[in-house]
Amino acid sequence: MYPPRFRYEAPRSIDEAISLLQSGGGEAKVLAGGQSLVPLLKLRFASPDLLVDINGLPGLDYHRTDADGTLRIGALCRHATLEKSALLKASQPTMAAAAKLVADPIVRNRGTLVGSLCHADPQGDWAAVMTALGGSVVAQGAHGRRTIPVSEFVTGPFQNVLGYDEIAVEAVVPAAKGTRAGGYLKLERRVGDFATAGAAVALELSGTSVVRAGIALTGVGGSTINAEQAAAALVGRPLTVDTISDAAHLASQAAQPRSDHRGSAAYKRHIIATFVERILTQVGRGSAERAA
Amino acid sequence: MTSLFEEIHEDAPADVPTRRVRITVNGQPRTVEVEPRLLLAHLLRQGLKLTGTHTGCDTTNCGACTVLFDGQPIKSCTMLAVQADGHEVTTVEGLAGPSELHPVQEGFKDEHGLQCGFCTPGMMLAAKALLDENPDPTEDEVRWALSGNLCRCTGYQNIVKSVLWAAAKLRAQQA
């Protein structure tokens with residue numbers, strides 16, 4: 001398969017990239033890791049006039065924390081970097097759990113977290129993880145930067161709110177108010193397949209009590225699902241068999257799965273409840289052990 | 001210089017812009033003129049006649065087209081040739097000289113790591129990248145590292161054995 005014809009530019013600065021996007025007038029696409037865009041080009045689902053390859057832009061491959069604990073992930077930070085990151089292992093359990101489950105190891109060498117958010121595939125892992133964490137996307141355009149919460153950034157399947165001349169330059173996870181806990185579980189028929197269902201749980205704990213909770217779901221709706229009621233059921237409470245069971249039930253109710261070749265809607269709902277319960281039970285066990 | 005234009009797009013109008021790409025393939029600097037939409041896998045196979053890189057699924061699933069890009073395995077059907085400008089690419093032809101075998105190749109031979117052989121180049125390059133980073137992997141680590149490469153013949157058992165064989169041989173060589 002060959003992509004359709006396009007013009008190709010590899011700018012050396014963000015400003016140059018933005019002016020190229022402006023010149024493209026809505027018919028330009030940003031190329032970062034390319035692990036979704038290149039297949040889309042080959043399948044002729046996308047046929048931009050201009051590709052703006054940002055891989056040559058300096059200084060965008062970082063992931064680091066500010067002094068206040070805010071985590072920033074640059075537009076060229078690859079999944080593989082996050083998978084191997086000591087920083088995530090030490091301080092971001094939900095992200096660390098997800099990083100090794102994105103696509104397959106070879107794809108992870110190229111694909112990027114920010115690109116995954118922009119692509120906004122309902123079965124993308126990072127959109128669920130970042131939604132659960134209350135993260136946001138920083139977009140840069142000709143008129144400066146703006147910060148957009150991930151829950152507002154993704155507007156539907158393969159849709160985001162970026163202007164045609166804006167580049168998503170980084171993703172941001174706010175500093176935690178408590179001790180981070182949580183996880184990410186995904187059911188896939190084989191490595192690299194689209195998710196049958198996935199659940200991201202991001203908690204902040206004070207002792208055994210939950211001070212902040214986020215739960216978001218992968219692959220069980222037309223877009224990433226923010227299970228706000230399920231998360232709210234945990235805040236201000238300790239993790240007990242009852243609170244865990246409530247949250248798991250509410251998360252499965254928030255899912256909007258469709259029956260397909262990966263499983264029935266009822267099966268996918270069941271998976272969501274099981275995953276949320278499993279993650280919360282593990283967190284509960286850990287926090288009880290720390291308190292003891 | 002290798003021109004790819006006529007070979008790949010016979011119907012292309014004459015005014016399609018091409019770009020000059022300087023790329024090091026298996027240690028040799030090459031300069032090619034390519035249409036931006038040309039995929040790296042096609043540059044390697046049709047342009048540079050390095051047909052050891054296979055194109056299988058063509059949809060980023062199977063990993064038969066895996067090559068090393070600055071030492072890291074990537075799927076060459078999912079990268080544009082223009083993106084390789086200024087970079088180093090290693091294909092299966094670059095694993096060892098024409099009359100010798102890389103320990104990974106020896107391992108696949110010794111442990112019967114292939115049947116039809118279609119997935120083998122990608123498997124071997126993914127394995128080499130693993131062993132460069134982790135000279136003494138567990139079986140689980142080998143399976144994990146190869147999980148982006150599909151084999152439809154072997155059931156993977158002998159592929160994993162082959163990589164472990166190569167790891168032991170490389171460690172013995174270092175010792």
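Rules and cut-offs
All chains use their own residue numbering, which begins from 1 and follows the written sequence. Working convention: letters from A go to chains and numbers from 1 go to ligands, in the order in which they are written. For this predicted model, a pLDDT threshold of at least 70 governs which residues receive local features, and a threshold of 80 or more governs which side-chain atom pairs are given and counted, while totals over whole chains, interfaces and linings are taken from all residues. Numbering of helices and strands runs from the N terminus; a helix is a DSSP stretch of H or I covering at least four residues, while a strand is a stretch of E covering at least two. Burial in this document is a count-based property: other C-beta atoms within 10 Å of a residue's C-beta are tallied, and the residue is buried at 20 or more, exposed at 12 or fewer, or partly exposed in between, with C-beta positions derived from the backbone. Each residue carries a pLDDT score, the predictor's confidence in it, ranging from 0 to 100. Note that domain bounds follow an automatic or database assignment of domains. For every element, the axis is a line fit to its C-alpha atoms; helices are fit only across the contacting stretch, and the angle between N-to-C directions ranges from 0 to 180 degrees. An angle counts as roughly parallel when it lies under 35 degrees, as roughly antiparallel when it exceeds 145, as roughly perpendicular when it falls between 65 and 115, and as oblique in every other case. Should the near helix be turned anticlockwise from the far one by less than a right angle, the crossing is left-handed, and should it be turned clockwise, the crossing is right-handed. Residues are defined as contacting one another if the C-beta atoms placed from their backbone atoms lie within 7 Å. All residues other than Ala, Val, Leu, Ile, Met, Phe, Trp, Tyr, Cys, Pro, Asp, Glu, Lys and Arg, Gly among them, are scored as polar; the first ten of these are nonpolar and the last four charged. Two strands qualify as a pair provided that DSSP identifies no fewer than 2 bridges between them.

1. Digging into unusual backbone geometry
Residues and elements named next belong to chain B.
Then comes step 1: You will see that D58, though not glycine, has its phi angle at about 65°, which is positive.
Then comes step 2: Within the secondary structure layout, D58 lies in the loop between α2 (40-47) and β4 (66-69).
Then comes step 3: Using a count of 19 C-beta atoms within 10 Å as the deciding quantity, one classes D58 as partly exposed.
Then comes step 4: At Y156, a position not held by glycine, the phi torsion is positive, near 75°.
Then comes step 5: Looking at the element boundaries, Y156 is found in the loop between α5 (139-145) and α6 (157-174).

2. Focus on the confidence of the model for chain B
Then comes step 1: For chain B, per-residue confidence averages 93 on the pLDDT scale, and residues scoring 70 or more make up 91% of the total.
Then comes step 2: Taken over the whole predicted complex, pTM reads 0.95, whereas the ipTM for its chain interfaces reads 0.94.

3. A short note on the domain arrangement of chain A
Then comes step 1: Domain annotation of chain A identifies domain 1 (7-53), domain 2 (63-173) and domain 3 (179-291).
Then comes step 2: Computed over C-alpha atoms, the centres of domain 1 of chain A and domain 3 of chain A are 35 Å apart.

4. Concerning the environment of G26(A)
Residue and element names in this part refer to chain A.
Then comes step 1: Within the secondary structure, G26 is located in the loop between α1 (14-24) and β2 (28-31).
Then comes step 2: Owing to 11 C-beta atoms within 10 Å, G26 belongs among the exposed residues under this scheme.
Then comes step 3: Measuring from C-alpha to C-alpha, the distance between G26 and G163 comes to 8.5 Å, with 137 residues separating the pair along the chain.

5. Observations regarding the packing of helix α11 (residues 241-254) of chain A against helix α12 (residues 265-291) of chain A
All names here are of chain A.
Then comes step 1: One way to put it is that α11 packs onto α12 with a least axis distance of 8 Å and a crossing angle of 150°. On the basis of their axis angle, the class for α11 and α12 is roughly antiparallel. Seen from above, α11 lies across α12 with right-handed handedness. Side by side, α11 and α12 meet where I244, S245, A247, A248, H249, A251 and S252 of the first sit next to R269, I272, A273, V276, E277, L280, T281 and G284 of the second.
Then comes step 2: Residues of the contact of α11 with α12, tallied by class, amount to 8 nonpolar, 5 polar and 2 charged.

6. A closer look at the interface of chain B and chain A
Then comes step 1: Every contact between the two is made by 23 residues of chain B and, on the other side, 24 residues of chain A.
Then comes step 2: Sorting the residues of the side of chain B that touches chain A by element identifies β5 (72-75) and α5 of chain B as the ones contributing at least two each.
Then comes step 3: When residues in the side of chain B that touches chain A are grouped by element, the largest group, 4 residues, is from β5(B).
Then comes step 4: For the side of chain B that touches chain A, the class distribution of residues is 9 nonpolar, 10 polar and 4 charged.

7. Considerations on the domain arrangement of chain B
All names here are of chain B.
Then comes step 1: Partitioning chain B into domains gives domain 1 (2-94) and domain 2 (103-170).
Then comes step 2: Inter-centroid distance (C-alpha atoms) of domain 1 to domain 2 is 24 Å.
Then comes step 3: Counting residues at the interface gives 17 residues for domain 1 and 12 residues for domain 2.
Then comes step 4: Only β4 and β5 provide two or more residues apiece to the side of domain 1 that touches domain 2.
Then comes step 5: Of all the elements, β4 adds the most residues to the side of domain 1 that touches domain 2, at 3 residues.
Then comes step 6: The class makeup of the residues in the side of domain 1 that touches domain 2 is 7 nonpolar, 10 polar and no charged.

8. Some points on the sheet that holds strand β3 (residues 50-53) of chain A
Residues and elements named next belong to chain A.
Then comes step 1: Strand order in the open sheet formed by 3 strands is β1-β3-β2, with parallel pairing between adjacent strands. Where the open sheet ends on each side, the last strands, each with one partner, are β1 (7-9) and β2. Pairs of neighbouring strands in the sheet enclose a mean axial angle of 25°, with direction left out of account.
Then comes step 2: Note: β2 against β3, 4 bridges, orientation parallel. Paired with A28 across the bridge in β3 is L50.
Then comes step 3: Sheet strands in contact with α1 are β1, β2 and β3, and its direction is about 170° off that of β3.

9. Comments concerning the sheet that holds strand β11 (residues 179-187) of chain A
Strand pairing in a sheet relies on backbone hydrogen bonds. The paired strands run either parallel or antiparallel.
All names here are of chain A.
Then comes step 1: Here we have 4 strands laid out as an open sheet, ordered β11-β12-β13-β14, and antiparallel in their pairing. Each edge of the open sheet is held by one strand with a lone partner, namely β11 and β14 (225-226).
Then comes step 2: Pairing analysis gives 9 bridges linking β11 to strand β12 (residues 197-206), with the strands arranged antiparallel. Bridge pairing in β12 links A181 to L203.
Then comes step 3: In this fold helix α8 (residues 125-132) packs onto β11, β12, β13 (209-218) and β14, with an angle of close to 160° to the strand it touches most, β13.

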